[in-house]
Amino acid sequence: TQLLEQSPQFLSIQEGENLTVYCNSSSVFSSLQWYRQEPGEGPVLLVTVVTGGEVKKLKRLTFQFGDARKDSSLHITAAQPGDTGLYLCAGVRFEGAQKLVFGQGTRLTINP
Amino acid sequence: DAGITQSPRHKVTETGTPVTLRCHQTENHRYMYWYRQDPGHGLRLIHYSYGVKDTDKGEVSDGYSVSRSKTEDFLLTLESATSSQTSVYFCAISEGLSSYNEQFFGPGTRLTVL
């Protein structure tokens, strides 16, 4: 059972366009993290959102945590080829350790 | 970069053989995790450790065992590998239990079971 549904799973757009990736769940999480993964490497943390309704910006990337702490979105403005990669959302739970529940991932391709 | 290494980086084995993957950290972090990554599933937690000799199961633990005899090493063992265990395996470490704690991931091990 996939507790976090991430969409779309694949997205190919032109440089300069805007895009949004969604991460939805019926479960409440302590926080939500977004990771980016390059081919042949492990995921690297981009941001953590903790408070319901929280918005964080990282240059052209805007991350939002839903008011009920069940969903999140990643919006990229004026996408660039350097944004190409696999983006993963992960819900955080504390059950003996910090357990991450990952979405399926969004493979993003930005074409020049 | 967090000091996490995984070995081997690639392995091809046959069904029924035992396989051990090693994760080594130089950060002295308390928590260590093993995940597998498969298309359409993201990463799924196999086992985790919250201290030396303290381990517990994750969501996909069947067919896997782990051991942690030293802070820096976390071993994942497939007692009798099956084709369904063909995957990319990632080790991760984290320092504590804050909501802001980041998990640092190793480079991964690509395992193929024929």
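Note that the coordinates shown come from a computational prediction; the quantities given were computed from them, not determined experimentally.

Q: Can you walk me through the overall build of chain B in this structure?
A: In terms of regular secondary structure, chain B is built from 0 helices and 11 strands. For a compact globule of 114 residues, the expected C-alpha radius of gyration is about 13 Å, and chain B comes in at 13 Å, within 12% of that figure. Pairs at least 24 apart in sequence give 55% of the contacts found in chain B among residues at least 6 apart. Split by element, the accessible area of chain B, about 5300 Å² in all, is 47% carbon and sulfur.

Q: Please explain the side chain of Gln-6 of chain A as it appears in this structure.
A: Mapping Gln-6 of chain A onto the fold places it in strand S1 (residues 5–7). At a separation of 3.1 Å, a polar atom in the side chain of Gln-6 of chain A contacts the main-chain amide nitrogen of Gly-105 of chain A.

Q: What exactly am I supposed to notice about the sheet that holds strand S3 (residues 19–25) of chain B here?
A: Note on sheets: strands pair through backbone hydrogen bonds, and any given pair is parallel or antiparallel. Residue and element names in this part refer to chain B. In spatial order, the strands read S1-S3-S8-S7; together these 4 strands make up an open sheet with antiparallel pairing. Lying at the two open borders of the sheet, with one neighbouring strand each, are strand S1 (4–7) and strand S7 (64–70). Within the sheet, the average angular offset between the axes of one strand and its neighbour, ignoring direction, is 20°. Relative to S3, S1 runs antiparallel, the two being bridged by 4 bridges. The residue of S3 that forms the bridge with Gln-6 is Cys-23.

Q: Sorry if this is basic, but what is going on with unusual backbone geometry here?
A: With the exception of glycine, most residues fall at negative phi, and the peptide bonds are largely trans. Ser-7 of chain A connects to Pro-8 of chain A through a cis peptide bond whose omega is -10°. Mapped onto the elements, Pro-8 of chain A comes out in the loop between S1 and strand S2 (10–14). Following Ser-7 of chain B, the chain continues into Pro-8 of chain B via a peptide bond in cis, with omega recorded as -5°. Tracing the chain through its elements places Pro-8 of chain B in the loop between S1 and strand S2 (10–13). A positive phi angle, close to 60°, is found at Arg-69 of chain A, a residue other than glycine. When you line up the elements, Arg-69 of chain A lands in the loop between strand S7 (61–65) and strand S8 (71–76).

Rules behind the numbers
- Residues numbered from 1 in each chain as written.
- Chains lettered and ligands numbered in written order.
- Predicted model: local features only at pLDDT ≥ 70, side-chain atom pairs only at ≥ 80, totals over all residues.
- Heavy atoms only, no water.
- Helix = DSSP H or I, 4+ residues; strand = E, 2+ residues; numbered from the N terminus.
- Rg over C-alpha atoms; globule rule 2.2 N^0.38 Å.
- Contact = heavy atoms within 4.5 Å.
- Areas by Shrake-Rupley, 256 points an atom, 1.4 Å probe, with all protein chains shown as cover.
- Polar contact = N/O pair within 3.5 Å; in protein donor to acceptor, adjacent residues only side chain to side chain.
- Pairing = 2+ DSSP bridges.
- Axes fitted to C-alpha atoms, helices over the stretch in contact; angles between N-to-C directions.

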